[in-house]
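Architecture and fold: a report
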Amino acid sequence: MTNILSKCIQDDIMPQTNDTIFCTKCGQKNLKKDIQCSKCSSKLHSHQQAAYIVKTDTTLGGLIPNNTNALVAYYTGIFSIIPFVGILLGIAALIFGILGVKFANKNPEAKGKIHAWVGIILGGFFAFIYLAIVIASIFMIFLEQ
Ligand SMILES: [Zn+2]
């Protein structure tokens, strides 16, 4: 029953016997194993061919994205040790560090999560320290007046 049914469906799409296939364009009789029509060279197995299309493998073929944010965070974090300039650098390290961690979470193959965290911790730490010193100094100046 299923055999007859599937044969009917097959015949409906393109009339063929077990070993031969008729070209849908020119009607030329071809062997089923042939990919192209021997007469007009149009593709014979459009349905089966579609099944062979292999999805492009992004894990191997794709380039590993660079986590530049993490690197920027890392270096700005280290240089935030410089007094007072470190406030700006530290804040920058914080921002780039957060971006870097987010990027690393989205792209697990991208490295730099540790660099991003170093940036966040160092940048945050020095920015906080120098900012505290600046605020304390301003208060001292106002109090002495
Ligand atoms: Zn043909």
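Bear in mind the structure is a predicted one, so any value in this text is a computation, not a measurement.

**Overview of unusual backbone geometry**
The backbone of Ser 41 shows a phi angle near 55 degrees, a positive value even though the residue is not glycine. For Ser 41, the location among the structural elements is in the loop between strand S2 (29-31) and helix H2 (46-52). Given 13 C-beta atoms within 10 Å, Ser 41 falls into the partly exposed group. Backbone geometry at Phe 84 places phi at a positive 70 degrees, although glycine is not the residue there. With respect to the helices and strands, the residue Phe 84 is situated in the loop between helix H4 (68-79) and helix H5 (85-106).

**So, the environment of Val 101**
Inspection of the secondary structure assignment puts Val 101 in helix H5. Residues Val 101 and Trp 117, spaced 16 residues apart in sequence, show a C-alpha to C-alpha distance of 7.2 Å. The contacts of Val 101, once residues within four sequence positions are left out, are Lys 113, Ala 116 and Trp 117.

**Some thoughts on the nonpolar core**
Within the largest apolar cluster, 20 residues are counted, with the highest numbers of intra-cluster contacts made by Ala 73, Ala 93 and Ala 116. Broken down by secondary-structure element, the contributors of at least two residues to this core are H4, H5 and helix H6 (113-144). If one sorts the elements of this core by residue count, H5 sits on top with nine residues. Contact partners of Ala 93, with chain neighbours within four places excluded, come to Ala 73, Thr 76, Gly 77, Ser 80, Gly 119, Ile 120, Leu 122 and Gly 123.

Quick notes on the rules
- Residues numbered from 1 in each chain as written.
- Predicted model: local features only at pLDDT ≥ 70, side-chain atom pairs only at ≥ 80, totals over all residues.
- Helix = DSSP H or I, 4+ residues; strand = E, 2+ residues; numbered from the N terminus.
- Buried ≥ 20, exposed ≤ 12 C-beta atoms within 10 Å, placed from the backbone.
- Contact = placed C-beta atoms within 7 Å.
- Core = buried A, V, L, I, M, F, W, Y, C linked by C-beta atoms within 7 Å.

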